[in-house]
Protein chains: 2
Amino acid sequence: MATLGDIGLAAAINILSALIFFLAFAILRLQPFNDRVYFPKWYLKGLRSSPTQTGAFVSKFVNLNFKAYLGFVNWMPAALRMPEPELIDHAGLDSAVYLRIYLIGLKIFVPIAFLSWAVLVPVNWTDDGLEQEKNRNVTSSDIDKLSISNIAYGSQRFWSHIAVTYAITFWTCYILLKEYGKVASMRLQFLASDKRRPDQFTVLARNIPPDPDESVSELVEHFFPGESSRSLSYSSVFMFFLEVVCNANKLAILVKKKTRMQNWLDYYQIKYSRNQTNRPYMKTGFLGLRGNKVDAIDHYTSEIEKLSEEIAAERKTVVNDPKSIIPSAFVSFKTRWATAVCAQTQQTRNPTLWLTEWAPEPRDVYWPNLATPYVQLTIRRLIVAVAFFFLTFFFMIPIAFVQSLASIEGIEKAAPWLKPVIEVSFIKAFIQGFLPGIALKLFLIFLPAILMIMSKFEGFTSLSSLERRSASRYYLFNFVNVFLGSIITGAAFEQLDSFIHQSASDIPKTLGVAIPLKATFFITYIMVDGWAGIAAEILMLKPLIIYHLKNFFLVKTEKDREEAMDPGSLGFNTGEPQIQFYFLLGLVYAPVTPALIPFIIIFFGLAYVVFRHQIINVYNQEYESGAAFWPDVHGRVVVALIIAQVLLLGLLSTKRAAESSPFLIALVVLTIAFHRYCKGRFEPAFVRYPLQEAMMKDTLERATEPNLNLKGYLQSAYNHPVFKDCDDDEDEEFTEKWESESVLVPTKRQSRRNTPLPSRISGASSPSIPEDVKDHSEP
Amino acid sequence: MATLGDIGLAAAINILSALIFFLAFAILRLQPFNDRVYFPKWYLKGLRSSPTQTGAFVSKFVNLNFKAYLGFVNWMPAALRMPEPELIDHAGLDSAVYLRIYLIGLKIFVPIAFLSWAVLVPVNWTDDGLEQEKNRNVTSSDIDKLSISNIAYGSQRFWSHIAVTYAITFWTCYILLKEYGKVASMRLQFLASDKRRPDQFTVLARNIPPDPDESVSELVEHFFPGESSRSLSYSSVFMFFLEVVCNANKLAILVKKKTRMQNWLDYYQIKYSRNQTNRPYMKTGFLGLRGNKVDAIDHYTSEIEKLSEEIAAERKTVVNDPKSIIPSAFVSFKTRWATAVCAQTQQTRNPTLWLTEWAPEPRDVYWPNLATPYVQLTIRRLIVAVAFFFLTFFFMIPIAFVQSLASIEGIEKAAPWLKPVIEVSFIKAFIQGFLPGIALKLFLIFLPAILMIMSKFEGFTSLSSLERRSASRYYLFNFVNVFLGSIITGAAFEQLDSFIHQSASDIPKTLGVAIPLKATFFITYIMVDGWAGIAAEILMLKPLIIYHLKNFFLVKTEKDREEAMDPGSLGFNTGEPQIQFYFLLGLVYAPVTPALIPFIIIFFGLAYVVFRHQIINVYNQEYESGAAFWPDVHGRVVVALIIAQVLLLGLLSTKRAAESSPFLIALVVLTIAFHRYCKGRFEPAFVRYPLQEAMMKDTLERATEPNLNLKGYLQSAYNHPVFKDCDDDEDEEFTEKWESESVLVPTKRQSRRNTPLPSRISGASSPSIPEDVKDHSEP
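Residues numbered from 1 in each chain as written. Chains lettered and ligands numbered in written order. Predicted model: local features only at pLDDT ≥ 70, side-chain atom pairs only at ≥ 80, totals over all residues. Heavy atoms only, no water.

- Going by the annotation in an unreviewed UniProt entry, the name recorded for chain A is Calcium permeable stress-gated cation channel 1, with Quillaja saponaria given as the source organism.
- According to UniProt, the comment filed for chain A under the heading Sequence similarities (unreviewed entry) is "Belongs to the CSC1 (TC 1.A.17) family." (UniProt positions renumbered as here; feature names shortened; annotations may be inferred.)

## Some details on the overall build of chain A
Logical step 1: Helices and strands together make up the secondary structure of chain A, namely 34 helices and six strands.
Logical step 2: Counting the 779 residues in chain A, one finds 53% classified as buried.
Logical step 3: Surface exposure of chain A reaches about 35400 Å², of which carbon and sulfur atoms provide 63%. (Helix = DSSP H or I, 4+ residues; strand = E, 2+ residues; numbered from the N terminus. Buried < 20%, exposed > 50% of the residue type's maximum accessible area, 1.4 Å probe, protein only. Areas by Shrake-Rupley, 256 points an atom, 1.4 Å probe, with all protein chains shown as cover.)

## Comments concerning the nonpolar core
Generally speaking, soluble globular proteins have nonpolar side chains that are buried together.
Logical step 1: Ranked by size, the top nonpolar core spans 291 residues in total, and within it F483 of chain A together with F483 of chain B carry the most contacts.
Logical step 2: If near-sequence neighbours (up to four positions away) are discounted, F483 of chain A is found in contact with N478, F522, F581, L584, L585, V588 and L647 of chain A. (Core = buried A, V, L, I, M, F, W, Y, C linked by side-chain atoms within 4.5 Å. Contact = heavy atoms within 4.5 Å.)

## With respect to the packing of helix α19 (residues 463-487) of chain A against helix α27 (residues 630-654) of chain A
All names here are of chain A.
Logical step 1: Between α19 and α27, whose axes approach to 11 Å, the crossing angle comes to 20°. Regarding the angle of α19 to α27, the classification is roughly parallel. Two packed elements cross with a definite hand, and for α19 against α27 that hand is right-handed. Only D632, R636, A640, I643 and L647 of α27 make contact with α19, whose side of the interface consists of R468, A471, S472, Y475, F479 and F483.
Logical step 2: For the contact of α19 with α27, the per-class residue count stands at seven nonpolar, one polar and three charged. (Axes fitted to C-alpha atoms, helices over the stretch in contact; angles between N-to-C directions. Parallel < 35°, antiparallel > 145°, perpendicular 65-115°, else oblique. Left-handed = near helix turned anticlockwise from the far one by under 90°. Nonpolar A, V, L, I, M, F, W, Y, C, P; charged D, E, K, R; others polar.)

## Here we look at the side chain of R100 of chain A
Residues and elements named next belong to chain A.
Logical step 1: Its location among the elements puts R100 in helix α6 (residues 84-125).
Logical step 2: The class for R100 is buried, based on a relative accessible area of 8%.
Logical step 3: Setting aside its immediate chain neighbours within four residues, R100 contacts E84, K107, E179, K182, V183 and M186.

## Some thoughts on the pairing of strand β5 (residues 325-333) of chain B
Residues and elements named next belong to chain B.
Logical step 1: Burial analysis of β5 places eight of its nine residues in the buried class, which makes it a mostly covered element.
Logical step 2: With four bridges connecting them, strand β1 (residues 202-206) and β5 associate as antiparallel partners. If you follow T202 over to β5, its bridge partner there is S332. (Pairing = 2+ DSSP bridges.)

## Quick look at helix α22 (residues 519-539) of chain A
All names here are of chain A.
Logical step 1: In this model α22 runs 29 Å from its N-terminal to its C-terminal C-alpha over 21 residues, within 8% of the 30 Å that 1.5 Å per residue would give.
Logical step 2: The sharpest bend along α22 reaches about 35° and sits at G533.
Logical step 3: Where α22 ends, the next residue or the one after it, M540, has phi of about 55°, a positive value. (Expected span 1.5 Å × (residues − 1). Bend = angle between axes of the 7 residues up to and from the residue.)

## A closer look at unusual backbone geometry
Logical step 1: Positioned with a positive phi, A627 of chain A is a non-glycine residue whose angle comes to about 60°.
Logical step 2: Its place among the elements puts A627 of chain A in the loop between α26 (597-617) and α27.

## Focus on the pattern of salt bridges
Logical step 1: All told, the structure shown has 21 salt bridges over all chains when counted by the stated rule.
Logical step 2: One salt bridge in this structure joins E361 of chain A and R363 of chain A, with 3.0 Å as the shortest N-O distance. Here the two residues E361 of chain A and R363 of chain A agree in accessibility, since each one is buried.
Logical step 3: Salt-bridge contacts for E179 of chain B lead to K107 of chain B; the nearest nitrogen and oxygen are separated by 2.7 Å. Here the residue E179 of chain B occupies a position in helix α9 (residues 158-192), and K107 of chain B occupies one in helix α6 (residues 84-125), the gap between them amounting to 72 residues.
Logical step 4: Classification of E179 of chain B by relative accessible area gives buried; the value is 5%.
Logical step 5: The partly exposed category is assigned to K107 of chain B, whose relative accessible area is 33%. (Salt bridge = Lys/Arg side-chain N within 4 Å of Asp/Glu carboxyl O.)

Shown next as structure tokens:
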């Protein structure tokens, strides 16, 4: 067991490294040439332009205003200053609600810390359980005197721990209840906000049954009777549909190629415009080193023209070939009410045909999965469930195999001719010291990606649901391999084996006994992963390096520079499980080792500030799900609460305080009942859309904008990104030309790379409708 | 272990008693004075009249036609003759689908019996495991030579059992899949059948939020905009509502009293009409023995008049008192489409207010539960869950307590003055022999009622859902206390204790080892409960005795005789768990002791014939849920399949055939995947109503009956039964008068006692609309 001194040293190291990260960040962010690394969000929103164009040459790259360095923690209050409604407007509801998870951590654990320090620490400290143990030659550290370990066997003092557990449970549930209500109302308000969004009017219809006589589009048209039909039901509803086209892979390649050509053309044009004396020439062969010398601008112009023709031909093929059309469609309705009705009801007798669901937001759509048929979904889910089980419990086996290969003997066996190289002592040491660790590290780095591939294979149709699914798998993996794996040392499959052969009442005991012993380990874990790790996040080291490398070698045009930016995004699938892990640690240790709680509080506080800053200044919003992840977040905190109660039950029963068991079992039952209540009370707000709301909104819109051309508004919302890109490209061809004519005016144009649609949509969804659309609607 | 001879003896006894029951039934059912006991269904339908009025005096009571006795099993083919569509028409879809459960039993187990006898019996018989055991002084019976017990430890022959288990699983799943599809399509066809039913147009809205300014009816009217409103959404929808009134208890008492008075009046009037010379007199005091002598007919006439006034006053109070109105309403719409939309969507932001769901059929409504508020539901569910847990595992404790009280010593202690009586040896023997058993027996008899009370407390709003819930609880109770309790002897709480202290891998082993040993016990159980029990069911002994007692002592009028009939009903809450228990036994024993399967097949065959007969001739249909119970039935068979697989896994691992475990685990996973597929594929048909269907139906109706007065049709469908009874009573007063005038014509009038509404509704819902309603609709 570590002493207080050990923990103090670890804390000092980690605080120091966190401070270094913050200092480095404070200096780097003020340099203009890093501006696109630390403020990409503002560039993406078109609210900030490159500072390289103004002022003296040096000040383009280095900030010489020394005053700016003085307030190096200024970013912290700045990050906290933006009020929540503005934050929702700036970065979306998802981000704002995501930050609330950290806030909940603070709300839950700050009072718990006070309570457990006020009650449990004195109770633990004044007992002499460890003294008694010491007589039996069991060693212990100072920190254990603060923990439940110091209570003697069968003591009546355990009642105080049970009372505190009750208080913790009720307080946590109270906070969760409040938050669930708050988030639900935020979501409803967001959905009902006066912004018009295409997904409010659109339903995704899947598994449209094939018909030999009719195309998918005709089928859809006949299935949902339009305005002309005299049907009594959808009479106030008109619809038009957008076919979903697959097999657009070749098209996507062509479009990409064209974009590249376009970039080169831009580059040469800029070069030429700077130096009008000699026209740029290039060689057409390998990497521009061999072949005929041609005029570069002419060459690329002709190449682009050729490609444009090819793309047009390919588009026609894709659109007209019935084989490339998959049996899914985005169906848009005239009113929100009709959409809500259609999305939430079953259409036909056969519940596997004409599946209708809310269409995800356009940028949230995961296109490749739209075609999966129903039966395949069950099979795929089964396969993924089995695969995930093996991944969680048996991932150590292939890694151990790789590690054995990566040993000296393994390499010598596999490749005897490498022997002389390997035998060099420096290389030998490297292989022996690093390779085995690297195999594991590599696996852990790729784990989120592996989980994401699993979710994709399962057939979810939106990025948000993919991330939610990956998050819950990641949490499970962490729980089994980090939490249980740290408590009971040994690989997961060994644990699994021992759990299967242990009785249901012994498992909590085995775990419960080990928990107080691992407190110091988890304190160190929190400091490394939670303190220094979070501080490293704000430094954005990887994007910083990559941006500057790209900037140096590749960036030719302003557009390229924009594309060299890598703002990243929130990463719900990795971030949320991390937070949940801290909830689990906090709730498990609050009644056992209160000394751990302050470390967790520091994590939550720090992470809240850092991520608020990142969300405001850095991260790009990839999609907007309207906080659809909240039921997951809530559920996992409740699960953590139940785990904590069960483990305390196990711990106490080994401490000969078995008469307390019924109280803790009752608490578990109450917690489950609380969860069920919350599920019934709040979850519908996240999966359904109230009709009354929809109706009110429709009526309001009809009154305020009687001449709205909804058709024009929705026409192109759900186009496959490839077609979008084509369109964009054609726009951009013109814009680009225009730009290159009015040379070198810094572009404020919004980027559409990471947010291919939102920019257009948010433009269109603001109260004023683009003029050209409006004109069409008022003939 | 029982030998083949023992089983043969038990079989002989049970077959004999079953035969006696059938013979008694065959004789009794032919007697005219039993006609109302054995054919009540036909009386209820108004298709059969009392035979007492025709022919010679003796033949009114005894059937003297000896030819009729010859074909005493004629009822069997007669029961099988009615084709299914006619059966649905005659007794409802619920009954027809219920019978299919027995058919599935046959479909599953007949091929399984052939397979396991063809494969497993030779394999088992030819091994010598038991011979080896015998050398170690383990005794065994002949029947064990046919079972898996005869296979030697670690033998390769176990692979044949695994192969058979695979075959059984796939065959069962195939049958289940087919049946689920069939039942789902039957349900949809039934719902879409051309009968108009009030529940197709009605939604039950609960938890209507209170408003100080508006009454519930006004709230409903404003919430669902009617025809007059220019709202765009429900524009094709009009609605009217029916308030639900509680606190109608006093009214119900008054109505009951009036009915009784009416019966007496009828009795005296009949008496007077038979003997016109002396007017009947009666005494007004205690039981008609004391007090003033008055003219009976005048007395009751005036009493009834007084009561009628009281009832009218009370009705006004109940209707007008706002406190007696609960915040729920039945809301009827103009079209099925609108109803489907409203029932399947959420109305307001707060998912606990304005809860809408399909209204149950009028006679299916459980009125007392309509007022339960949302938060109470969670609490009640928690309480019931905890109560059921204790009921299942600890019911033996109070019974043991009662048993200890019911012992000689207990009684002597509690009531010393009884000592001389008790000490009489005959009474002593009785107390010692019977009382303890009676306590347990009484509990088991009242168990379904206790479970029903639990379900009622939970707040379900329809009788069908109450019965479904009770059925699943009863199944669980049976599983724990009969199945597990027989396998591992000991009270349930002792089992629970041992399970908690056993490891997850040991539990299947403990159970698996005991399974082959208990085969003979279960064979006896099947013969007693499944053969003789089913045969006793058809004899209707209890209703027979009660009917004749009532007939002798109480029946005064023809109406009384009708009320003395007790047709009973299907009793889903007790019947279905019984069948499921046989599925469980069959699936568990099919790979272990194939000798058990034929007994189960006989049960399914016998029960199918008996219940088909009962449904056609006896049982009254209490409600029609459209086979909504099928997902439960399907689910429980799948669970039985999984239990069978897990127990076989346990058994094989004790037989040192552990290398087979992965194959059985894979089978479990596959079975679960199958269940999930079925859930997704078919369950929606039982909980949702496809919109397309509704729309087609609406369109069709509009075309065929353009002048339909739906309002008139739906007006009184959802009235509280008390008001219904009042109305009925007033009708009946007139009908009764008319009847007593045209003296003693046997009434063919349909009974409304057990089916207060269906008669009226089925009349109204048949293609032709009552003339008076039609007249109003065509002014």
